[in-house]
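What the coordinates show
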Amino acid sequence: MQKNTTACYYGDYLQLDKLLTAQAPESKRYGAEAHDETLFIIVHQVYELWFKQILHELGAVMAVFAEAEVKDEQLTGMVHKLKRIISIQQLLNQQIAVIETMTPQDFMAFRDYLVPASGFQSIQFKMLEIGLGLKSEFRIDFDKNSFYSRLNAADREFLQNLEQAPSLFERIEKWLERMPFLQFEDFSFWQMYQQATEQMLQNDQSIVSQIEQISNTERDLQLQEIARTREKFSALLDPDKYQQLQQQGSFRLSQKAMLSALFINLYQEEPLFNLPFQLLTCLTEIDEQLTIWRYKHAMMVQRMLGSKIGTGGSSGHDYLKRTTEKNRIFTDLFTMATFLLPKSALPALPTAIKRQLGFYFAPQV
């Protein structure tokens, strides 16, 4: 049923008069217009529109996790919004193929008119990175030194203030730390988990020691790897060892948050943990899609520029390749696979705990 009292016209609603006249090729100011510059402009404008939508979804998620309590029924909407972000990211990754229809020489026809404009100056992309949790202290060295140097004063101040606000990573960390199932009165889950992991590692060690088809050198390497894995398991449950690894950059989440996330992953099939597991999976996927975007962007830049420096002053492809490897956010959720056990080896939870993690009702009498 119609609710508006004033007619809504398609072109006016979308403000197409502004949108379709917002492409102004720089090359045209200096002579003949480079044909592919319009494509270049539109692709980047589309990026910025999708960044705006991602920030819109991210803002709604952040608002919920900023509360002292996140209700279980709210997680459905949060997972839905994070999945929408992932779908947009997948679209952005596919969009790179469109810009790759431009040849390096097509790009050269207008590139030198754009100096010093650069993706470095995308405020929305920086907002997205900061909002997710990639703040200056976690960036590669070039980023730490140049993240703000190419911005005007107003944008620089805006982003520096944004860095002082809690990120989604920090909000999620606090939410995980509040999980109430790490202590079960007289039941020590983590003691049973430690016993189960030690048994698993002993079995692995025994199998490697008995394999006849490998050389002694290869056997020693595999046994050393098992020993390193044992040390990681030990550090996971030892506050002092965990803190040392955290200071070295091996972990970013607090120990309590990491253990909560691990517990959710181990018992993901319990009804109460299904949505938290989906949420953590979404965060992993967002980080993965962002990494894929960086990688595809780096490959595109190498294809277009070779070893030339970027218009923003970076080393071009080499810089982008390093950001792909280092500028990650939710790496702890990837690392968590190290500490998972097969379902058959999981310690059984007490009935009282399983009832709290499930859905039960009492029949009326």
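Our subject is the structure listed above.
Below, the structure is looked at part by part. Only a predicted model underlies this, so the values are computations on that prediction, with no experimental measurement involved.

1. Brief notes about the overall build of the chain
Within the chain, the secondary structure is distributed over 17 helices and zero strands. For the chain, the residues scored as buried account for 41% of the 365 residues in total. Long-range pairs, those at least 24 residues apart, make up 75% of the contacts in the chain with a sequence separation of at least 6. Accessible surface, the chain as shown: approximately 21200 Å² in total, 53% of it carbon and sulfur. When the 37 positive and 44 negative side-chain charges of the chain are each reduced to one mean point, those points stand 2 Å apart.

2. Section: the nonpolar core
In terms of nonpolar packing, the biggest core is built from 84 residues, with Y193, L279 and L280 touching the most fellow members. Of the residues forming this core, the biggest block, 13 residues, is contributed by helix α14 (residues 271-305). With residues near it in sequence (within four places) discarded, L279 still touches F65, L75, M78, V79, L82, I172 and W175. Counting six residues, the second-largest nonpolar core is a separate cluster that includes I123, I130, F147 and L159.

3. Looking at unusual backbone geometry
Here the bond from V115 into P116 is cis, since omega is 0°, no more than 30 degrees from zero. Checked against the element boundaries, P116 lands in the loop between α5 (104-111) and α6 (123-132).

4. With respect to the packing of α5 against α14
Contact geometry of α5 with α14 gives a least axis separation of 8 Å together with a crossing angle of 80°. Taken together, the axes of α5 and α14 are roughly perpendicular relative to one another. Contacts between α5 and α14 pair P104, F107 and R111 from the former with R303, M304 and L305 from the latter. Here the contact of α5 with α14 is built from residues that sort into four nonpolar, no polar and two charged.

5. Looking at the pattern of salt bridges
Taken as a whole, this structure holds eleven salt bridges when the rule is applied. Across the pair E26 and R29 runs a salt bridge, and its minimum N-O distance is 3.0 Å. On the accessibility criterion, E26 (24% relative accessible area) is partly exposed. On the basis of relative accessible area, R29 is assigned to the exposed category, the value being 61%. Note that E57 is salt-bridged to R84, the shortest N-O span being 2.9 Å. Note that E57 is positioned in helix α3 (residues 37-65) and R84 in helix α4 (residues 72-99), a separation of 27 residues in sequence. Classification of E57 as buried rests on a relative accessible area of 3%. Judged by relative accessible area, which is 38%, R84 ranks as partly exposed.

Calculation notes
Residues numbered from 1 in each chain as written. Predicted model: local features only at pLDDT ≥ 70, side-chain atom pairs only at ≥ 80, totals over all residues. Heavy atoms only, no water. Helix = DSSP H or I, 4+ residues; strand = E, 2+ residues; numbered from the N terminus. Buried < 20%, exposed > 50% of the residue type's maximum accessible area, 1.4 Å probe, protein only. Contact = heavy atoms within 4.5 Å. Areas by Shrake-Rupley, 256 points an atom, 1.4 Å probe, with all protein chains shown as cover. Lys, Arg positive; Asp, Glu negative; His and termini not counted. Charge placed at Lys NZ, Arg CZ, Asp CG, Glu CD. Core = buried A, V, L, I, M, F, W, Y, C linked by side-chain atoms within 4.5 Å. Axes fitted to C-alpha atoms, helices over the stretch in contact; angles between N-to-C directions. Parallel < 35°, antiparallel > 145°, perpendicular 65-115°, else oblique. Nonpolar A, V, L, I, M, F, W, Y, C, P; charged D, E, K, R; others polar. Salt bridge = Lys/Arg side-chain N within 4 Å of Asp/Glu carboxyl O.

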